[in-house]
Amino acid sequence: MTTSYDTATALLPLVGGPANVTSVAHCMTRLRLGLADPSLVDGEALRALPGVLGVVEDDDTYQIVLGPGAVARVTADFESLLRKETRKARNATPLKAALRRVANVFVPLIPALIGCGILAGLNGLLVNAGWLPGLTPALAAIASAFMSLIAVFVGYNTAKEFGGTPVLGGAVAAVVVYPGVAKVTAFGVALAPGQGGVLGALAAALLGTYVEKWCRGRVPGALDVLLTPTLTVLVSGLTTLYVLMYAAGTVSSAIGTAANWLLSTTGAFAGAVLGGLFLPLVMLGLHQALIPLHATLIEQQGSTPLLPLLAMAGAGQVGAAAAVYVRLRHDTAMRTTIKSALPAGLLGVGEPLIYGVSLPLGRPFLTACAGGAAGGAFVGLFAMLGERVGATAIGPSGWALFPLLAGNGGLGLGTAAAIYAGGLLTGYAVGFGATYAFGLPKGR
């Protein structure tokens, strides 16, 4: 059944988005909108929406017929949604906007990363146990195929996000993983297929999008269909081979080397910093900058050792919320919020607890960070001892990360899971204890 909020959510983009709406009102049956540019309205899609009975275009207003009763509910939700989106637009700094666009490139890939990561872990268990030897080669192929071509998907999504032709972005990024690049020499060194990884693919597709837009504005219309794609692939492909793959390969190698050095020499400290600061990064939207780093490490090493450390922030948050629940026995509304948000928090979805519990109360947000730092230090300490825990995919955390865990070297899955579980328990305990003792004013 379609709710009034569903209808309002569907209406907003079809009338040109929040920036196009200048006024909102309603009468007995119609939602009346003032629009900056009526030509941005998708009238056909509006008429097809469930609950929309008709559309009337007036000189001053754009009227959407919803019927008595329904119009008041939809208008209230529409105004609420409009205020929310307007606030969001005001808070969008150039840095946040850029990070959001980068995230839009990688987030659609997460389901495939999760599925292939779980299959890779299952295949590893079967190989180590010597079970189903006839099946494991097929599982290995299925689990590895996506990662071998991830550059193409990154290129496709990059061009799509930044206004280019997606298939041209994929074509340019495909150069990065084509086996024939081994015959090409750049800066006196033979290239290797996959050199530069997802960063090289991202840079190649961005360049391709720029070249395509440049061509579209200068090539005559009659020749556009031939010259624009040819020049886009040629110019971007050559630049990718002779500049971007070498440069991105250097950056990617530096990321892997830095991560390994950081964990092997300062693991406990690095874990405390990463686990303690991740909640503020999530609150500010800056955590999206880590997605390409995770993808690079997974592509290079098969897993990212950063994600299990960052996941400890969620453990601190769960512990802090549990302490608030125990302390605020008479605050029925807050306890109800915690009960509804806690299951999601245990599975690594922290926003309901952040925005519904710890941030509104203030100090519990800081004590949750302390819990995250403690859990991160626990996992990081084992990394210093040579037992580094990684994740074969990005996306889940909390309990949902267990199926995606991997150990380095001879570290078995059971040991990796035990270390990760120890970190979660540490985060829960310290987050709970710190919040119970210091997170709430006396008398609450």
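Residues numbered from 1 in each chain as written. Predicted model: local features only at pLDDT ≥ 70, side-chain atom pairs only at ≥ 80, totals over all residues. Heavy atoms only, no water.

Enquirer: Looking at this structure, how should I read the sheet that holds strand β1 (residues 21–26)?
Expert: To summarise the sheet geometry, strands pair through backbone hydrogen bonds and adopt either a parallel or an antiparallel arrangement. Ordered in space as β1-β2-β4-β3, the four strands form an open sheet in which the pairing is antiparallel. The sheet terminates laterally at β1 and β3 (54–57), the two strands that pair on one side only. If you compare each strand with its neighbour and ignore which way they point, the axes differ by 20 degrees on average. Inspection of the sheet shows β3 paired to strand β4 (residues 62–65) by four bridges, in the antiparallel sense. Pairing of G54 across the sheet is with V65, part of β4. (Pairing = 2+ DSSP bridges. Helix = DSSP H or I, 4+ residues; strand = E, 2+ residues; numbered from the N terminus. Axes fitted to C-alpha atoms, helices over the stretch in contact; angles between N-to-C directions.)

Enquirer: Help me understand the pattern of salt bridges in this model?
Expert: Two side chains carrying opposite charge are able to pair once their charged atoms lie near each other. With the rule as written, the count across this model stands at three salt bridges. The salt bridge partner of E212 is R216, with a shortest N-O separation of 2.9 Å. With a gap of four residues between them, E212 and R216 both fall in helix α9 (residues 197–216), about one helical turn apart. Given the relative accessible area of 5%, E212 is considered buried. Owing to a relative accessible area of 39%, R216 belongs among the partly exposed residues under this scheme. Where R216 meets D224, a salt bridge forms, and the shortest distance between an N and an O atom there is 2.5 Å. (Salt bridge = Lys/Arg side-chain N within 4 Å of Asp/Glu carboxyl O. Buried < 20%, exposed > 50% of the residue type's maximum accessible area, 1.4 Å probe, protein only.)

Enquirer: Honestly, the packing of α9 against helix α11 (residues 291–301) in this entry has me stumped. Any pointers?
Expert: Packed helix pairs are characterised by how far apart their axes lie and by the angle those axes make with each other. Axis separation between α9 and α11 bottoms out at 7 Å; the angle between their running directions is 125 degrees. Overall, the two elements α9 and α11 adopt an arrangement that is oblique. Every residue of α11 that contacts α9 at G197, V198 and L199 is listed here: P292, A295, T296 and E299. The residue inventory of the contact of α9 with α11, partitioned by class, reads four nonpolar, two polar and one charged. (Parallel < 35°, antiparallel > 145°, perpendicular 65-115°, else oblique. Contact = heavy atoms within 4.5 Å. Nonpolar A, V, L, I, M, F, W, Y, C, P; charged D, E, K, R; others polar.)

Enquirer: It is not clear to me how empty space enclosed by the protein should be interpreted in this structure. Could you clarify?
Expert: With a probe scaled to a water molecule rolled over the atoms, the places where space remains empty come into view. Per the counting criterion, the structure on display carries two cavities of 30 Å³ or more. Counted as a void, the largest cavity has a volume near 40 Å³. Lining the largest cavity, in full, are A311, G314, A315, V318, G345, L346, G348, S397, G398, L424 and Y428. A per-element tally of the lining of the largest cavity places helix α13 (residues 312–327) first, with three residues. The residue inventory of the lining of the largest cavity, partitioned by class, reads six nonpolar, five polar and no charged. Put simply, the second largest cavity is a space of about 40 Å³. Lining the second largest cavity, in full, are L263, P305, L309, V379, G380, A383, E387, R388 and V389. Here the lining of the second largest cavity takes three residues from helix α16 (residues 363–384), the largest share from any one element. (1 Å grid on protein atoms, 1.4 Å probe; cavity = no way out; pocket = protein on both sides within 12 Å on 5 of 7 lines; lining within 4 Å. Points joined across faces, edges and corners; volume = space filled by probe spheres on them.)

Enquirer: Please clarify how the packing of aromatic side chains should be interpreted in this entry.
Expert: Each aromatic ring pair is specified by the distance between its two centres and by the angle formed by the two planes. One pass over the structure, following the stated rule, counts five aromatic pairs. Aromatic pair F187 and Y246: ring centres 4.7 Å apart, planes at 40 degrees, arrangement tilted. Here the residue F187 occupies a position in the loop between β5 (185–186) and β6 (189–190), and Y246 occupies one in helix α10 (residues 221–284), the gap between them amounting to 59 residues. For F187, a relative accessible area of 58% translates into the label exposed. Given the relative accessible area of 33%, Y246 is considered partly exposed. Aromatic side chains F378 and F382 sit 5.2 Å apart centroid to centroid with 50 degrees between the ring planes, which places their arrangement in the tilted category. (Phe/Tyr/Trp six-rings, centres within 6.5 Å; stacked < 30°, edge-to-face > 60°.)

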